[in-house]
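For reference, the chains in residue letters:
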Amino acid sequence: MNIIPEVAALDRDMRDWRQHLHAHPETAFEETQTAAYVADKLRGMGLEVHTGLARTGVVGVLRNGRSQNAIGLRADLDALHIHERTNASYASRNEGKMHACGHDGHTTMLLGAAAALKARKAFDGTAYFIFQPAEENEAGGRVMVEEGLFDRFPMHAVYGMHNWPKMRAGRFAMRVGPLMGAADRFEIVATGKGAHAAMAYQGRDPMLFAAHMIHALQTIVSRNLHPLEAGVVSITQVHAGDAWNVIPEQLVIRGSVRSFKPEVQDTIERRMRTLVDGAAAMFEMAASLRYERCYPATINHAAETEHAAKAAQAVVGEANVDTDPTPEMTSEDFSFMLQSKPGCYVWLGSGRDDSTPGLHNPHFDFNDDVLAIGASYWVTLAEQQLPATR
Ligand SMILES: [Zn+2]
Ligand SMILES: [Zn+2]
């Protein structure tokens, strides 16, 4: 393991920063204390700091030498609406909010990397440290791009990283092409005719619509997609009815769709519409579909993936870098940055053992032992991509 000495010297500090952030989680676009904490640390290191991009986003700028080369390294600031159950001494003090995805660790590793790169002065060019808000659900990454992230801070490539508890600490994984899926959501509203449960013949029962719909929606992936294309249709909510003896008038079905390709999204949406209209006709009621494309798939670029793998290999050794992991259908708003700039998103192994709680679990706690590994990866990547002339 090649931990950068300047990073190793920061290990104790990084653990403190991470645990401070963990104790004070803030959710989408409300990360004001977190952003102030980050900006303050960056200023303390002597970096140029820009705040207010996408409301609570922060960008730190570190220039060295005269080269026009520039890269962006990105972390996310936000927490989730989860009641923490870790019992850690630094557990959330903000009731109902929790860093259960490890963004406290991501923010800390990027701060550590900024401090180490500044101390070493071993690169030529500009490193941008991008701290984005609202990764969870609210697409803060997209808002940053829309508000001119890459115009205000011109860079050749952008890199992202997520801790991955499914993979053991000390490993990295990345691949060319899709690493994570596109996330869409849908809402189907069926409006029948309410009736007395005993006089069902006088109504139009939306429960029957739901029963058929739940089944029919599962035929899209199995019967309409090519067997080698990937898609997931998950129904996550069905709401209707309040009484034992009443057939309700209306019913709502909601769910999530995952895929890697826009053509697959098109097929799923088109078939969903046909099935909704068909079931509505079958049961003589009205039904509508709202289909919303939220996050695109996270697609890594070839050259930058090679750069990321090289940096990871320099830190943890070739045997610990998987360049062909099985992609996951979870999604990531770093995808919006990858649509605007070449780049690569990597997974940093953070699992302690097989029982390490997964992301978004109320028992999840970022593994502080990987802070130095992740920060060393950032430093190595920046120094390799912005080589100092000798
Ligand atoms: Zn998450
Ligand atoms: Zn996350």
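Provided above is the structure to which this section pertains.
Residues numbered from 1 in each chain as written. Chains lettered and ligands numbered in written order. Predicted model: local features only at pLDDT ≥ 70, side-chain atom pairs only at ≥ 80, totals over all residues. Heavy atoms only, no water.

Caption draft 1: Looking closely at the sheet that holds strand β12 (residues 250-259). The strand order β10-β12-β8-β13 describes an open sheet built from 4 strands, whose pairing is antiparallel. For this open sheet the edge positions go to β10 (231-239) and β13 (286-295), each flanked by a neighbour on one side alone. Strand-to-strand twist across the sheet, computed as the mean angle between neighbouring axes with direction ignored, equals 20°. Looking at chain direction, β10 and β12 are connected through 8 bridges and run antiparallel. Pairing of isoleucine 235 across the sheet is with glycine 255, part of β12. Helix-sheet contacts for helix α8 (residues 262-282) involve β8 (182-191), β10, β12 and β13, and the interaxial angle to β13 is about 165°. (Pairing = 2+ DSSP bridges. Helix = DSSP H or I, 4+ residues; strand = E, 2+ residues; numbered from the N terminus. Axes fitted to C-alpha atoms, helices over the stretch in contact; angles between N-to-C directions. Contact = heavy atoms within 4.5 Å.)

Caption draft 2: Here's a closer look at the packing of helix α2 (residues 11-23) against helix α11 (residues 371-385). In contact at an axis separation of 10 Å, α2 and α11 are set at 105° when each is read in the N-to-C sense. Overall, the two elements α2 and α11 adopt an arrangement that is roughly perpendicular. Along the contact surface, α2 presents Asp11, Met14, Arg15 and Arg18, while α11 presents Leu371, Ala372 and Ala375. Within the contact of α2 with α11, the residues separate by chemical class into 4 nonpolar, no polar and 3 charged. (Parallel < 35°, antiparallel > 145°, perpendicular 65-115°, else oblique. Nonpolar A, V, L, I, M, F, W, Y, C, P; charged D, E, K, R; others polar.)

Caption draft 3: Molecular detail of the state of the cysteines. With the rule as written, the count across this model stands at 0 disulfides. Here cysteine 344 stays free of any disulfide, with the sulfur of cysteine 101 as its closest cysteine sulfur at 18 Å. We classify cysteine 344 as buried; its relative accessible area is 0%. (Disulfide = S-S within 2.5 Å. Buried < 20%, exposed > 50% of the residue type's maximum accessible area, 1.4 Å probe, protein only.)

Caption draft 4: Broad picture of empty space enclosed by the protein. This model, assessed by the stated rule, comprises 1 cavity of 30 Å³ or more. If you add up the space inside the largest cavity, you get close to 40 Å³. Of all elements in the fold, only β3 (70-76) and α4 (103-120) reach the threshold of two or more residues within the lining of the largest cavity. The leading source of residues in the lining of the largest cavity is α4, at 3 residues. For the lining of the largest cavity, a count of residues per class yields 5 nonpolar, 1 polar and 1 charged. (1 Å grid on protein atoms, 1.4 Å probe; cavity = no way out; pocket = protein on both sides within 12 Å on 5 of 7 lines; lining within 4 Å. Points joined across faces, edges and corners; volume = space filled by probe spheres on them.)

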